[in-house]
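Summary of the model geometry
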Amino acid sequence: MSSDDKKSQYHKIRMERKKAQIDAAIARADQKKGLLIVITGHGKGKSTSAFGTIARALGHGLKVGVCQFIKSRTDTGEEAFFKAQPKCEWHVLGDGFTWDTQNREQDIATSERGWQVARQMLQDPSYDLVVLDELTYLLSYDYLDKDTVLNTIMERPEGQHVVVTGRSAIAELRELADTVSEIQDEKHAYKSGIQAQPGIDF
Ligand code: ATP
Ligand code: MG
């Protein structure tokens, strides 16, 4: 047998084993439930990951509710695109970064107002997916009561999926989540002096 033939034969055996392992794992993963997904970390891609999930959900005809905390801009590509989708409800609920407002009382009041919108979605079974973009800061800065938020998420309608994004997710939220991804910052164009660009950053 030539060395190429040996390589092909070895590859086939490895792939057969791999397929058996993957099929067994798929057979084991037989549960279906509404998931809590947390996308955190310092790297770029948290909100864009959530927007990808929204596209998937809408593609399946699901109803989606989106609450964007902290940020106040309403000229984003994601808002223009998803607001035009009949099954996507979009709320921008922030009034700027905490270092812009520089006013803790104001931040708390804005957070509370935004939370009321999110809470209604989390108590409404007609939403299949609720995205809470940048919610992590409202918990890590103690703008909202941790227990209230976590209990509301825990008691949401069965089958409802929730995606939470933002840096520095608190431990309790990570514990409660079914899936947690920590996006690492290896490099970001901004640090080389490149400005935020439409279609890429907003
Ligand atoms: P994106 O919305 O691009 O997925 P993100 O949600 O992961 O980013 P945020 O903290 O919400 O991260 O970032 C808001 C803005 O800051 C975006 O314009 C994003 O490109 C930029 N950004 C994200 N990560 C970094 C980073 N590590 N360094 C500098 N800028 C960043
Ligand atoms: Mg973000």
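Predicted model, so just to flag it, every value in this text is computed and none were measured.

Calculation criteria
- Residues numbered from 1 in each chain as written.
- Chains lettered and ligands numbered in written order.
- Predicted model: local features only at pLDDT ≥ 70, side-chain atom pairs only at ≥ 80, totals over all residues.
- Heavy atoms only, no water.
- Pairing = 2+ DSSP bridges.
- Helix = DSSP H or I, 4+ residues; strand = E, 2+ residues; numbered from the N terminus.
- Right-handed = clockwise from strand over helix to strand, strands pointing away.
- Donors = N, O, S within 2.8 Å, 3.2 Å for Na, K, Ca; no water.
- Axes fitted to C-alpha atoms, helices over the stretch in contact; angles between N-to-C directions.
- Parallel < 35°, antiparallel > 145°, perpendicular 65-115°, else oblique.
- Left-handed = near helix turned anticlockwise from the far one by under 90°.
- Contact = heavy atoms within 4.5 Å.
- Nonpolar A, V, L, I, M, F, W, Y, C, P; charged D, E, K, R; others polar.
- Patch = residues over 30% accessible without salt bridge, like charges linked within 9 Å, V, L, I, M, F, W, Y side chains within 5 Å.
- Areas by Shrake-Rupley, 256 points an atom, 1.4 Å probe, with all protein chains shown as cover.
- Salt bridge = Lys/Arg side-chain N within 4 Å of Asp/Glu carboxyl O.
- Phe/Tyr/Trp six-rings, centres within 6.5 Å; stacked < 30°, edge-to-face > 60°.
- Buried < 20%, exposed > 50% of the residue type's maximum accessible area, 1.4 Å probe, protein only.
- Lys NZ or Arg CZ within 6 Å of the ring centre and 35° of its normal.
- Near = heavy atom within 4 Å.
- Polar contact = N/O pair within 3.5 Å; in protein donor to acceptor, adjacent residues only side chain to side chain.
- 1 Å grid on protein atoms, 1.4 Å probe; cavity = no way out; pocket = protein on both sides within 12 Å on 5 of 7 lines; lining within 4 Å.
- Sits in = over half its atoms within 2 Å of the grid points.
- Domains from an automatic or database assignment.
- Points joined across faces, edges and corners; volume = space filled by probe spheres on them.

1. Thoughts on the pairing of strand E3 (residues 88–92)
Bridge analysis of strand E2 (residues 64–68) against E3 gives five bridges, and the strand direction is parallel. Looking across to E3, one finds that glutamine 68 is bridged to valine 92. With respect to chirality, the unit in which E2 leads through helix H3 (residues 77–83) into the neighbouring parallel E3 is right-handed.

2. Topic: the coordination of the magnesium ion (ligand 2)
Note on the magnesium ion (ligand 2): its protein donors are Ser47 (OG) and Glu134 (OE). The metal-donor distances range over 2.1 Å. Linking serine 47 in helix H2 (residues 46–59) with glutamate 134 in the loop between strand E4 (129–133) and helix H6 (136–140), this pair joins segments that are 87 residues apart in sequence.

3. Some remarks on the packing of helix H5 (residues 104–122) against helix H7 (residues 146–154)
Where H5 meets H7, the closest approach of the two axes is 9 Å, and the angle between their N-to-C directions is 25°. With respect to H7, the axis of H5 lies roughly parallel. The two elements H5 and H7 meet at a crossing, and its hand is left-handed. Residues Trp115, Arg119 and Leu122 of H5 pack against Thr148, Val149, Thr152 and Ile153 of H7. A class-by-class count of the residues in the contact of H5 with H7 yields four nonpolar, two polar and one charged.

4. What to know about a nonpolar patch on the surface
A surface patch of nonpolar side chains, amounting to about 320 Å² of accessible area, comprises Phe97, Trp99 and Tyr141. Position of tyrosine 141 relative to the elements: it lies in the loop between H6 and H7.

5. Things to note about the packing of aromatic side chains
For the structure on display, the rule yields five aromatic pairs. Here the aromatic rings of phenylalanine 51 and tryptophan 90 are separated by 5.9 Å at their centres, their planes lie at 40°, and the arrangement is tilted. Here phenylalanine 51, found in helix H2, pairs with tryptophan 90, found in strand E3; they are 39 residues apart in sequence, far enough to count as distant. Tryptophan 90 shares its class with phenylalanine 51; the two are buried. Over the ring of tyrosine 127 we find lysine 63, and its NZ or CZ is 4.2 Å from the ring centre. One Lys or Arg, arginine 73, reaches over the ring of phenylalanine 202 and ends 3.9 Å from the middle of that ring.

6. Looking at the side chain of serine 111
Within the fold, serine 111 resides in helix H5. Apart from the residues lying within four places of it in its own chain, the contact partners of serine 111 are Leu138, Tyr143 and Leu144.

7. A closer look at the site of ligand 1
Within the structure, ligand 1 sits among 15 residues, and Lys44, Gly45, Lys46, Ser47 and Asp201 are positioned closest to it. In this structure, histidine 42 approaches ligand 1 through a main-chain N or O atom, which is 2.9 Å from a nitrogen atom. Interatomic distance of 3.5 Å between a side-chain N/O atom of lysine 191 and a nitrogen atom of ligand 1. Protein contacts shield 86% of the accessible area of ligand 1, which totals 570 Å² for the unbound molecule. Taken atom by atom, the bulk of ligand 1 overlaps the largest pocket. For the shell around ligand 1, the per-class residue count stands at one nonpolar, six polar and eight charged.

8. Quick notes on the domain arrangement of the protein chain
Here the protein chain is described as being made up of domain 1 (1–30) and domain 2 (31–184). For domain 1 and domain 2, the distance between their C-alpha centroids amounts to 40 Å.

9. Quick look at the layout of surface pockets
Over the atoms, a rolling probe the size of a water molecule traces out where space has been left empty. Counted as a void, the largest pocket has a volume near 1,300 Å³. As for the largest pocket, its lining consists of 43 residues, and the residues nearest its centre are Lys71, Phe97, Arg167, His188 and Asp201. If you list the elements that add at least two residues to the lining of the largest pocket, you get H2, H3 and helix H4 (98–101). Looking at the lining of the largest pocket residue by residue, the class counts come to 14 nonpolar, 17 polar and twelve charged. Of the volumes computed, that of the second largest pocket is approximately 180 Å³. The wall of the second largest pocket is formed by Ile37, Ile39, Ser49, Ala50, Thr53, Arg56, Ala57, Leu62, Leu129, His161 and Val163. Secondary-structure elements contributing two or more residues to the lining of the second largest pocket are strand E1 (36–40), H2 and strand E5 (161–165). In terms of residue count, H2 provides more of the lining of the second largest pocket than any other element does, five residues in total. Taken together, the residues of the lining of the second largest pocket break down into seven nonpolar, three polar and one charged.

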